[in-house]
Amino acid sequence: MRLMPTKKGSGDPDSDMAQVADPTHGARHIAIIMDGNGRWAKKKHLPRALGHKKGVEAVRDIVRVAGEMGIEAMTLYAFSSENWNRPADEITDLMGLLRQYIQSDIDEFDENGIRLKVIGNYKALDSDIVQLIEGALERTAKNDRMTLAIALNYGAQNEMLRAVQSIAAAVKKGDFEPDEIDVSHVSDALDTAGLPPLDLLIRTSGELRLSNFLLWQAAYSELYFTDTLWPDFDKRELQRALKSFGDRDRRFGGR
Ligand code: FPP
């Protein structure tokens, strides 16, 4: 049973938490566009690389908190297919952080029942990273407390294109007719197949765009934008986003 306060609450996520039995406010799947590492570093007169490093620390904390809250799935936009346009040294930094993150946190994933999933065309990354990812996917495959889906070399249009190609191939093979294709065929052909519907999509740093992230999956998601830069996004910010989610009236196109 989901116990909610009878009034809308004080707006203070901490005091409202005491009244709420379910800290997820009913959200099963959250996705985050983690934006603002560069601006965080610039504000502090630090190199961009340190902004990304601090961004990984925020990832670590938020994954732990989300698991403790009972969120079933969290999808994080770590590297988009457009991020290849960044300077080579920044790409090297980001890939280095990814290597380190998987190596250093894999034990914690296992201890906390976190199943790793990767969405996007990760096989185009350096072969040692692909190996690390595949080892981690295999090792955590049976964990069932929370799925952490990391978007790597991900773009929603490319994801949908690959889904269309696989559906077309199934039609060609005679599995079904074109007019039998339905929503579930498409959902099942996307990289996010098997994850709960996306409830809440968060973007940090004040930008109001989806930037080619989960375009199909966001059809009925609630959107939450905050000016907070990603390295500063913490448990309290997540509670605030979930509180806002819980206060919304979701009608899914009905009345
Ligand atoms: C946006 O900051 C951030 C990214 C490029 C993606 C997020 C990457 C991380 C949090 C680090 C790596 C993550 C993992 C899971 C290992 P930005 O550089 O676009 O910031 P700006 O818009 O302020 O310049």
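Note that the coordinates shown come from a computational prediction; the quantities given were computed from them, not determined experimentally.

### Side note on the pairing of strand β5 (residues 200-203)
Then comes step 1: Burial of the side chains of β5 extends over both faces: Leu200 and Ile202 are buried on one face and Leu201 and Arg203 on the other.
Then comes step 2: As paired elements, β5 and strand β6 (residues 222-225) share four bridges and run parallel to each other. Bridging across to β6, isoleucine 202 finds its partner in tyrosine 224.

### Side note on the site of the ligand
Then comes step 1: Contacts to the ligand come from 17 residues, most closely from Met34, Gly38, Arg39, Arg48 and Arg86.
Then comes step 2: The backbone of glycine 38 places a nitrogen or oxygen atom 3.0 Å from an oxygen atom of the ligand.
Then comes step 3: Here an oxygen atom of the ligand sits 2.7 Å away from a polar atom, N or O, in the side chain of arginine 48.
Then comes step 4: Calculation on the ligand without its partners gives an accessible area of 620 Å², and the protein chains cover 91% of this total.

### Brief notes about the layout of surface pockets
Then comes step 1: Of the pockets and cavities examined, the largest pocket occupies roughly 740 Å³.
Then comes step 2: Taken together, 32 residues line the largest pocket, and the ones lying closest to its centre are Met34, Asn37, Tyr77, Ala78 and Asn83.
Then comes step 3: When residues of the lining of the largest pocket are traced back to their parent elements, those giving at least two are α2 (37-43), α3 (48-69), β2 (73-80), α4 (88-111) and β4 (146-154).
Then comes step 4: The computed volume of the second largest pocket comes to approximately 300 Å³.

### Some points on the environment of alanine 163
Then comes step 1: Following the sequence through the fold, alanine 163 ends up in helix α6 (residues 156-173).
Then comes step 2: Given a relative accessible area of 2%, alanine 163 falls into the buried group.
Then comes step 3: The spacing of alanine 163 and alanine 189 is 26 residues in sequence and 4.9 Å in space, taken between C-alpha atoms.
Then comes step 4: Beyond its immediate chain neighbours, meaning those up to four positions away, alanine 163 contacts Ala189 and Leu190.

### A look at the confidence of the model for the protein
Then comes step 1: Mean pLDDT over the protein works out to 93, with 92% of the residues at or above the 70 mark.
Then comes step 2: Across residues 1-10, where pLDDT falls below 50, the model places 19 contacts with residues more than four positions away in sequence or in other chains.

### Describing α4
Then comes step 1: The end-to-end C-alpha separation of α4 is 35 Å, in line with the 34 Å expected for 24 residues at 1.5 Å each.
Then comes step 2: Of all the bends in α4, the greatest measures close to 50° and is centred on aspartate 105.
Then comes step 3: Restricting attention to buried positions, one finds in α4 the residues Glu90, Ile91, Leu94, Met95, Leu97, Leu98, Tyr101, Ile102, Asp105, Ile106 and Phe109.
Then comes step 4: In this structure, the buried side of α4 is in contact with α3, β2, β3 (114-119), α5 (127-140) and β4.

### Description of the sheet that holds β5
Then comes step 1: Taken together, the six strands give an open sheet; going across it, the order is β3-β4-β2-β1-β5-β6, and neighbouring strands pair in parallel fashion. At either margin of the open sheet sits one strand with a lone partner, and together these are β3 and β6. Along the sheet, successive strands turn relative to each other by an average axial angle of 20°, direction set aside.
Then comes step 2: Pairing of strand β1 (residues 29-33) with β5 involves four bridges; the strand directions are parallel. Residue pairing for β5: alanine 31 is matched across the bridge by leucine 201.
Then comes step 3: Lying on the sheet, α5 is in contact with β3 and β4; it crosses β3 at an angle near 140°.

The rules behind each value
Residues numbered from 1 in each chain as written. Predicted model: local features only at pLDDT ≥ 70, side-chain atom pairs only at ≥ 80, totals over all residues. Heavy atoms only, no water. Buried < 20%, exposed > 50% of the residue type's maximum accessible area, 1.4 Å probe, protein only. Helix = DSSP H or I, 4+ residues; strand = E, 2+ residues; numbered from the N terminus. Pairing = 2+ DSSP bridges. Near = heavy atom within 4 Å. Polar contact = N/O pair within 3.5 Å; in protein donor to acceptor, adjacent residues only side chain to side chain. Areas by Shrake-Rupley, 256 points an atom, 1.4 Å probe, with all protein chains shown as cover. 1 Å grid on protein atoms, 1.4 Å probe; cavity = no way out; pocket = protein on both sides within 12 Å on 5 of 7 lines; lining within 4 Å. Points joined across faces, edges and corners; volume = space filled by probe spheres on them. Contact = heavy atoms within 4.5 Å. pLDDT = per-residue confidence, 0-100. Expected span 1.5 Å × (residues − 1). Bend = angle between axes of the 7 residues up to and from the residue. Axes fitted to C-alpha atoms, helices over the stretch in contact; angles between N-to-C directions.

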